[in-house]
Amino acid sequence: MPNVKRPTDRVSDYTEKYRPQFHFTPEENWMNDPNGLVYYAGEYHLFYQYHPNGRKWGPMHWGHAVSQDLLRWEHLPIALEPDEYGMIFSGSVVVDWENTSGLFTGGEGLVAIFTHHDEQLGIQSQSLAYSQDKGRTWQKYDGNPVLTNGEEKDFRDPKVFWHDDTNKWVMVVAAGQKVMLYGSKNLIEWDYLSEFGSTDGAHGGVWECPDLFPLPVDGNHAKKKWVLQVDLGAGAIAGGSGGQYFIGEFDGVSFTNDRPASETLWVDYGRDFYAAQSFSDLPSADGRRIWLAWMSDWTYANELPTNPWRSAMSIPREVGLRETVNGDITLVQQPIAELRTLRQSKLVIENEMVDETVNVLANQAENVFEIVATVENLTASEFGFNVRKSSGHDQGTIIGYRTNDQQVFVDREHSGESEFHQAFKGRHSIQVKGETGCVTFHIFVDKSSVELFLNDGEVVITDLIFPEDDSKAMEFYVKGGEVRLVSLELYALQSTWEHVTGRK
Ligand code: FRU
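As a starting point, this report considers the structure included with it. All of these numbers come straight from a predicted model, not from anything done at the bench.

**Some details on the overall build of the protein**
- Per the secondary structure count, the protein includes one helix and 33 strands.
- Whereas a compact globule of 504 residues would reach a radius of gyration of roughly 23 Å, the protein reaches 22 Å, a difference of no more than 12%.
- With respect to the principal axes defined by its C-alpha atoms, the protein has extents near 70 × 55 × 45 Å.
- Expressed as a percentage of contacts within the protein between residues at least 6 apart in sequence, the contacts between residues at least 24 apart total 62%.
- Only carbon and sulfur atoms are counted for the fraction: they give 45% of the accessible area of the protein, which is about 18,900 Å².
- Between the centroid of the 43 positive side chains of the protein and the centroid of its 74 negative side chains there is a distance of 3 Å.

This is how it looks when you write it as structure tokens:
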């Protein structure tokens, strides 16, 4: 097979400028959406949209990596290459436990359901590939494509799951500016079920990369809701591409939206969380729904100043549903617990009054770290963190909270390199609902990103930044009054690429 990189042909030691230390990146070249996230035989699989011969989007393949802990990834050879039906666009992987497809000689195996994109004819259709050796080699199904659509030019990104109540596979697939649902007993023959969304939610661009799954509300399994997440190529809340979600019911045929059609719920209020996909087949004993997304925005994705790779995935996040004080049900995202294993040195501050004359983080210097903080507002007009800061480079990224209008924001106006695209700079904000006496910040900072989880994941802001490596200063700042720092923990984080770098 061409383009196959063996582990010994390392081209990167993961120490380049901007190289993420605890986020997934391909060693080199272009990556976009996560694909085929699945847990099987003790391994998490991450496939991804990949162009193995360039740092810009091009003929799409599926790159591949595996991990035992969702943090430390081992790169594997390319899983799927373009063929006579076109490029290999986004899709999902399921474990066909019962061999419903009949594709396996004995027992079970992995089935990939992906979009074939024929650039010349402008046609998109859904196809299959299967693997009986834990994803190491893949066979394309010889009856491809298995699902076509004569009407929609944009017909892509199938996410498939097993629906127990109706005893069949269900596919949710993006079609223009709606999603279509199909059902199948064998993953090969698909029947149309329904469609959703032409008049619901946001329509600033073509819909892409849907996902559909049930979640308990506040952990109560007797109270279940279905979440339909779907991305839009343009016109998202922070500008550019982004994700929205709907909460409702799914009866095996149709999805019904609990909220008014005119309402849009946003997945993330930053610019760089796109094409989120959740893992299939996590063991029921685990019980979590975990997703991750491509940390970029189509507006400038092809111009990002990294070399020899381009793009990273977000940290894996556990998703849940929470009933808020006003009775609404909202999606919450929290960093997966496994991330705690990366914590190294620790600083703890407790119960300290802070005003604008002090910086309790004045002696700290980190560029790969995590902060967990609870702040009780007393009289301040604004407070928060300034990270990846340096006076020499005049850099800093502000993650703050403004009290008069309860606005939480990430401001990357002076975060570092930004000339590569005029849309990159800016401030991304959202008004927080509900009680605001106490604010909790959970922040992950890597070489070229910040992820903020506010108030236990009720609001999330994900933004790329490109500061100098030595922009390591940080500040907890308060404006116009006083706050009580109930607690603050700061952890330097260990690299997840030690198996590549040889560093300890
Ligand atoms: C989303 C997307 C998908 C498509 C893939 C192509 O980012 O546009 O809709 O399958 O990327 O790489």
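**Focus: the pairing of strand E25 (residues 382-390)**
- Of all the nine residues making up E25, eight are buried; the element is thus mostly covered by neighbouring parts of the structure.
- Two elements, E25 and strand E26 (residues 395-402), share seven bridges in a ladder whose sense is antiparallel. Within the sheet, the bridge partner assigned to glutamate 382 lies in E26 and is arginine 402.
- Where E25 lies against strand E32 (residues 473-479), six bridges are found, and the strand directions are antiparallel. The residue of E32 that forms the bridge with glycine 384 is tyrosine 477.

**Observations regarding the site of the ligand**
- The full set close to the ligand counts 13 residues, and Asp33, Gln49, Arg156, Asp157 and Glu208 are the nearest of them.
- Separating an oxygen atom of the ligand from a side-chain N or O atom of aspartate 33 is a distance of 2.7 Å.
- Residue assignment for the shell around the ligand shows that the elements contributing at least two residues are strand E1 (29-40), strand E5 (87-96), strand E9 (155-163) and strand E13 (207-217).
- For the shell around the ligand, the per-class residue count stands at six nonpolar, three polar and four charged.

**Considering the pattern of salt bridges**
- For the coordinates displayed, the defined rule picks out 31 salt bridges.
- The salt bridge partner of glutamate 338 is arginine 288, with a shortest N-O separation of 2.7 Å. Here glutamate 338 is found in the loop between strand E22 (329-335) and strand E23 (343-355), whereas its partner arginine 288 is found in the loop between strand E18 (274-278) and strand E19 (290-294), with 50 residues between them in sequence.
- Here glutamate 451 ties to arginine 317 by a salt bridge, and the two come within 2.9 Å at their closest N and O atoms. Here arginine 317 lies in strand E21 (residues 317-323) and glutamate 451 lies in strand E30 (residues 449-454), a separation of 134 residues in the sequence. An identical accessibility class is assigned to glutamate 451 and arginine 317; each is buried.
- Several salt bridges share partner residues, and in doing so they unite Lys153, Asp154, Arg156, Asp157 and Glu208 into one network.

**Comments concerning the environment of asparagine 144**
- Counting through the fold element by element, asparagine 144 comes out in the loop between strand E8 (139-140) and E9.
- In sequence terms asparagine 144 and leucine 488 are 344 residues apart; their C-alpha atoms lie 55 Å from each other.
- With residues near it in sequence (within four places) discarded, asparagine 144 still touches Tyr85, Phe114, His116, Ser127 and Leu128.

**Quick look at the nonpolar core**
- Of all hydrophobic cores here, the largest spans 54 residues; its most connected members are Leu212, Phe383, Phe385, Phe441, Leu452 and Phe476.
- If near-sequence neighbours (up to four positions away) are discounted, phenylalanine 441 is found in contact with Ile371, Val372, Ala373, Val375, Phe383, Gly384, Phe385, Ile399, Tyr401, Leu452, Phe453 and Leu454.

**Description of the side chain of serine 495**
- By secondary structure assignment, the location of serine 495 is in the loop between strand E33 (482-493) and helix H1 (498-501).
- A polar contact of 3.1 Å, which involves the side chain of serine 495, links it to the side chain of glutamine 21.

**Quick word on the sheet that holds strand E12 (residues 191-196)**
- Strand order in this open sheet of four strands is E9-E10-E11-E12, and the pairing throughout is antiparallel. The sheet is open, and its two borders are formed by E9 and E12, each paired with just one other strand. Sheet twist, expressed as the average angle between the axes of neighbouring strands with direction ignored, equals 25°.
- Note that strand E11 (residues 178-184) and E12 share five bridges and pair antiparallel.

**Observations concerning the pairing of E30**
- Most of E30 is tucked away, with six of its six residues classed as buried.
- Where burial is concerned, the two faces of E30 agree: the one with Ser449, Glu451 and Phe453 and the one with Val450, Leu452 and Leu454 are both buried.
- With six bridges joining them, strand E29 (residues 438-446) and E30 adopt antiparallel strand pairing. Note that in E30 the partner of isoleucine 443 across the bridge is leucine 452.
- Taken together, E29 and the strand that follows it, E30, pair antiparallel across an intervening segment of two residues.
- The sheet contact formed by E30 and strand E31 (residues 459-464) spans six bridges and is antiparallel. In the strand pairing of E31, phenylalanine 453 is matched with valine 460.

Thresholds applied
Residues numbered from 1 in each chain as written. Predicted model: local features only at pLDDT ≥ 70, side-chain atom pairs only at ≥ 80, totals over all residues. Heavy atoms only, no water. Helix = DSSP H or I, 4+ residues; strand = E, 2+ residues; numbered from the N terminus. Rg over C-alpha atoms; globule rule 2.2 N^0.38 Å. Contact = heavy atoms within 4.5 Å. Areas by Shrake-Rupley, 256 points an atom, 1.4 Å probe, with all protein chains shown as cover. Lys, Arg positive; Asp, Glu negative; His and termini not counted. Charge placed at Lys NZ, Arg CZ, Asp CG, Glu CD. Buried < 20%, exposed > 50% of the residue type's maximum accessible area, 1.4 Å probe, protein only. Pairing = 2+ DSSP bridges. Near = heavy atom within 4 Å. Polar contact = N/O pair within 3.5 Å; in protein donor to acceptor, adjacent residues only side chain to side chain. Nonpolar A, V, L, I, M, F, W, Y, C, P; charged D, E, K, R; others polar. Salt bridge = Lys/Arg side-chain N within 4 Å of Asp/Glu carboxyl O. Core = buried A, V, L, I, M, F, W, Y, C linked by side-chain atoms within 4.5 Å. Axes fitted to C-alpha atoms, helices over the stretch in contact; angles between N-to-C directions.

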